[in-house]
Amino acid sequence: MSKIEGRGQQKETIEIKKSIIINASPEVIFKAITDPNELTNWFPDNAVFDGRMGGKVRFTFNKERSKELDREHSSEGTVKEFIPNKKVSYTWQFKDAPEFPETTVTWELEEIDANKTRVELVHSGFTGKEEGKLSSTEHDQGWSYFLGRLQKYCEKTK
C-alpha cells in the first residue's frame, strides 16, 4: 500500500506489483504489450492501442470466451508514457462501472541478458472499496494469469 497526497488530505491507495523474467527480448515483449494484433493473442479478445502519448487504449473481454464473465467487460484509457522497448503506462477505467476509479497500468522492461527481460507491472490507484470482479484482489489474480500467458506467448514467438 502506498500513500498519495490529495487535496490537503492523505488518501490510501492499493498498488498491484508483479515481476517476471521472460526469455525474450524487450522488443518482442514491448510489441506484445502494445500492438493490438499481438495483444489479442494473450490478453483481451479485442484491443485498441494507439502507441503514442495521449493515444487511446481499449481492451474488451467477451463473455462468450470466458466462464468467469457474466457480461462483456471493457477497460479504456489514455497512454501517459510511451518509451519504446522500455516503458509504457496508461490509465485503466471501466466505463460501465462508474464506481471504479481511474487506475494506472505501468509496464517496465529491463534487458538482463541476451533474450532475457525482467518485466515489472504495476497497477495502481485502487481505493480498496472496489468489489467483486473490480476488486484489487481479482485484478491481482488476473494479472498473474495474464503474465503467465504473456510469458508463454513471448517465449514462443521470440
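Residues numbered from 1 in each chain as written. Predicted model: local features only at pLDDT ≥ 70, side-chain atom pairs only at ≥ 80, totals over all residues. Heavy atoms only, no water.

### So, the overall build of the protein chain
Stage number 1. Of regular secondary structure, the protein chain possesses 3 helices and 8 strands.
Stage number 2. Out of the 158 residues in the protein chain, the part that is buried amounts to 42%.
Stage number 3. A separation threshold of at least 6 residues defines the contact pool for the protein chain, and within that pool the share at least 24 residues apart is 47%.
Stage number 4. Carbon together with sulfur atoms contributes 45% to the accessible area of the protein chain, which is approximately 9000 Å² in total. (Helix = DSSP H or I, 4+ residues; strand = E, 2+ residues; numbered from the N terminus. Buried < 20%, exposed > 50% of the residue type's maximum accessible area, 1.4 Å probe, protein only. Contact = heavy atoms within 4.5 Å. Areas by Shrake-Rupley, 256 points an atom, 1.4 Å probe, with all protein chains shown as cover.)

### Thoughts on the side chain of His139
Stage number 1. Within the secondary structure layout, His139 lies in helix α3 (residues 136-157).
Stage number 2. Residue His139 is classed as buried on the basis of its relative accessible area of 8%.
Stage number 3. With residues near it in sequence (within four places) discarded, His139 still touches Ile16, Trp92, Phe94, Phe100, His123, Phe126, Lys133 and Leu134.

### Quick look at the side chain of Ser75
Stage number 1. Turning to its location among the elements, Ser75 is positioned in strand β5 (residues 73-83).
Stage number 2. Discounting residues that sit within four places of it in the chain, Ser75 has contacts with Val57, Arg58, Phe59, Trp92, Gln93 and Phe94.

### Some thoughts on the pattern of salt bridges
Stage number 1. If you walk through the whole model with that rule in mind, you get 8 salt bridges.
Stage number 2. Between Arg58 and Glu76 there is a salt bridge, with its nearest N and O atoms 2.0 Å apart. One end of the pair, Arg58, is in strand β4 (residues 56-61); the other, Glu76, is in strand β5, with 18 residues separating them in the sequence.
Stage number 3. By relative accessible area, which is 31% here, Arg58 ends up partly exposed.
Stage number 4. Measuring nitrogen to oxygen at the nearest pair gives 3.9 Å for the salt bridge that ties Arg118 to Glu120.
Stage number 5. Assessed through its relative accessible area of 32%, Glu120 is described here as partly exposed.
Stage number 6. Members of the salt-bridge network, linked through shared partners, are Glu110, Arg118 and Glu120. (Salt bridge = Lys/Arg side-chain N within 4 Å of Asp/Glu carboxyl O.)

### Let's talk about the packing of aromatic side chains
Stage number 1. If you walk through the whole model with that rule in mind, you get 18 aromatic pairs.
Stage number 2. Consider the rings of Phe43 and Phe146, whose centres lie 4.9 Å apart with planes at 85°: the pair is edge-to-face. Here Phe43 is found in the loop between α2 (36-39) and β3 (46-49), whereas its partner Phe146 is found in helix α3, with 103 residues between them in sequence. The pair Phe43 / Phe146 is uniform in exposure class, with both members buried. (Phe/Tyr/Trp six-rings, centres within 6.5 Å; stacked < 30°, edge-to-face > 60°.)

### A short note on unusual backbone geometry
Stage number 1. With phi around 65°, Asn85 is a residue other than glycine that occupies positive phi space.
Stage number 2. With respect to the helices, strands and loops of the structure, Asn85 is situated in the loop between β5 and β6 (87-94).
Stage number 3. Positive phi is not limited to glycine here, since Asn115 has a value of about 55°.
Stage number 4. By the element assignment, Asn115 lies in the loop between β7 (103-113) and β8 (116-126).

### Things to note about the confidence of the model for the protein chain
Stage number 1. Here the protein chain averages 88 in pLDDT, while 86% of its residues score no lower than 70.
Stage number 2. Mean pLDDT values over the elements of the protein chain span from 39, in strand β1 (residues 2-6), up to 98, in helix α1 (residues 26-34).
Stage number 3. Predicted confidence for residues 1-9 stays below pLDDT 50, and this span has 15 contacts to residues more than four positions away or in other chains. (pLDDT = per-residue confidence, 0-100.)

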